[in-house]
Amino acid sequence: MAIWLTLCGAVVLLAYLLGSFPTGYIAGKLLKGIDIREVGSGSTGATNVLRTLGKVPGAFVLLIDCLKGVLAINFVYTLFNLAPSQNLIPSTLNVEIWQPWLGTLAGLAAILGHSKSVFLGFTGGKSVATGVGILLALSWQVGLSTIGVFAVVVAISKIVSLSSIAGAVAVSILMVIFHQPLPYILLGVAGGLYVIIRHRSNIERLLAGTEPKIGQKVETEMEQTV
């Protein structure tokens with residue numbers, strides 16, 4: 001059991017480190033020699049990269065950050081696929097119970113890593129893109145439905161932060177609708193709340209009617225999404 005617990009801990013740690021990979025920061029350094037945290041909104045996420053570096057870098061960072069979430073969950077799948085052949089899973093362990101819980105822990109670790117990157121002094125983005133990748137890997141139905149909610153709200157409001165918040169709220173509901181296991185529902189609740197908390201300054205501006213829409217210039221002090 002000690003070896004198994006060590007492996008599970010290693011998977012969660014790897015998920016955090018993967019989430020911590022500073023895609024937006026690296027893009028800023030390579031393309032313009034800037035610290036993306038010191039320009040635009042100060043976020044390392046795809047929205048600030050889009051506004052600061054352009055559409056192609058923004059799309060690239062969005063894709064990579066999403067893949068970080070997918071890979072974090074695939075660490076869990078890989079462990080459970082390889083462990084039986086190596087006799088690493090204790091005979092008393094219920095795989096159907098353990099796998100969802102470990103997936104939840106790995107997902108939360110990756111979300112935390114994206115927003116609190118160990119490589120950037122525990123700064124980062126808003127964890128939306130990485131969160132979407134996690135959802136797609138855990139349940140493609142929930143992941144695609146969340147993207148759909150985001151797309152509808154952004155099409156109507158033209159406000160990315162509002163769309164991200166709407167998606168974060170919808171995740172828990174979608175987990176229940178698609179009959180996901182309890183650990184995934186709890187992940188939806190915890191992850192969704194965390195993303196909303198990360199958008200607290202955006203919420204203040206939404207209430208004040210000053211949150212910028214897509215295409216509008218963003219003031220340096222503003223925090224954006226993703």
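Summarised in this report is the structure supplied together with it.

Conventions used here
- Residues numbered from 1 in each chain as written.
- Predicted model: local features only at pLDDT ≥ 70, side-chain atom pairs only at ≥ 80, totals over all residues.
- Heavy atoms only, no water.
- Helix = DSSP H or I, 4+ residues; strand = E, 2+ residues; numbered from the N terminus.
- Contact = heavy atoms within 4.5 Å.
- Salt bridge = Lys/Arg side-chain N within 4 Å of Asp/Glu carboxyl O.
- Buried < 20%, exposed > 50% of the residue type's maximum accessible area, 1.4 Å probe, protein only.
- 1 Å grid on protein atoms, 1.4 Å probe; cavity = no way out; pocket = protein on both sides within 12 Å on 5 of 7 lines; lining within 4 Å.
- Points joined across faces, edges and corners; volume = space filled by probe spheres on them.
- Nonpolar A, V, L, I, M, F, W, Y, C, P; charged D, E, K, R; others polar.
- Core = buried A, V, L, I, M, F, W, Y, C linked by side-chain atoms within 4.5 Å.
- Phe/Tyr/Trp six-rings, centres within 6.5 Å; stacked < 30°, edge-to-face > 60°.

Quick word on the environment of Lys-29
Position of Lys-29 among the secondary structure elements: in helix α2 (residues 23–32). Lys-29 has contacts with Ile-34 and Asp-35, leaving out every residue within four places of it along the chain.

Some points on the pattern of salt bridges
Per the counting criterion, the structure on display carries 3 salt bridges. A salt bridge links Arg-205 to Glu-211; its shortest N-O distance comes to 2.7 Å. The burial state of Arg-205 is the same as that of Glu-211; both residues are buried.

Brief notes about empty space enclosed by the protein
Gaps left between atoms show up when a probe the size of a water molecule is rolled over them. In total, this model carries 1 cavity of 30 Å³ or more according to the counting rule given. Lining the largest cavity are 13 residues, with Phe-21, Pro-22, Thr-23, Thr-44 and His-114 positioned closest to its centre. Those elements that place two or more of their residues in the lining of the largest cavity are α1 (2–20), α2 and α4 (55–82). Counted by class, the lining of the largest cavity contains 3 nonpolar, 8 polar and 2 charged residues.

A few points about helix α6 (residues 128–138)
Among the 11 residues in α6, 10 count as buried, and that is most of the element. For α6, the full list of buried residues reads Val-128, Ala-129, Thr-130, Gly-131, Val-132, Gly-133, Ile-134, Leu-135, Ala-137 and Leu-138. Residues of α6 that are buried sit in contact with α4, α5 (95–115), α7 (140–157), α8 (160–177) and α9 (182–198).

Examining the nonpolar core
Trp-4 and Ile-134 are the most contacted members of the largest nonpolar core, which has 30 residues in total. Elements with a minimum of two residues in this core: α1, α4, α5, α6, α8 and α9. Among the elements that line this core, the one with the most residues is α1, at 6 residues. In this structure, Tyr-25, Ala-27, Leu-53 and Leu-120 belong to the second largest nonpolar core, which totals 8 residues.

What about the side chain of Ser-115?
Here Ser-115 shows up in helix α5. In this structure Ser-115 comes out as buried when scored by relative accessible area, which is 0%. Other than its neighbours up to four places away in sequence, Ser-115 contacts Phe-122, Thr-123, Gly-124, Gly-125, Ser-127, Tyr-194 and Arg-198.

Focus: the packing of aromatic side chains
Following the criterion strictly, the structure yields 2 aromatic pairs and no others. An angle of 65° between the planes, with centres 6.1 Å apart, marks the rings of Trp-4 and Trp-98 as edge-to-face. Residue Trp-4 is located in helix α1, and its partner Trp-98 is located in helix α5; the two are separated by 94 residues in the primary sequence. Trp-4 gets classed as buried once you look at its relative accessible area, which sits at 0%. Grouping aromatic residues by their ring pairs yields a cluster made of Trp-4, Phe-80 and Trp-98.

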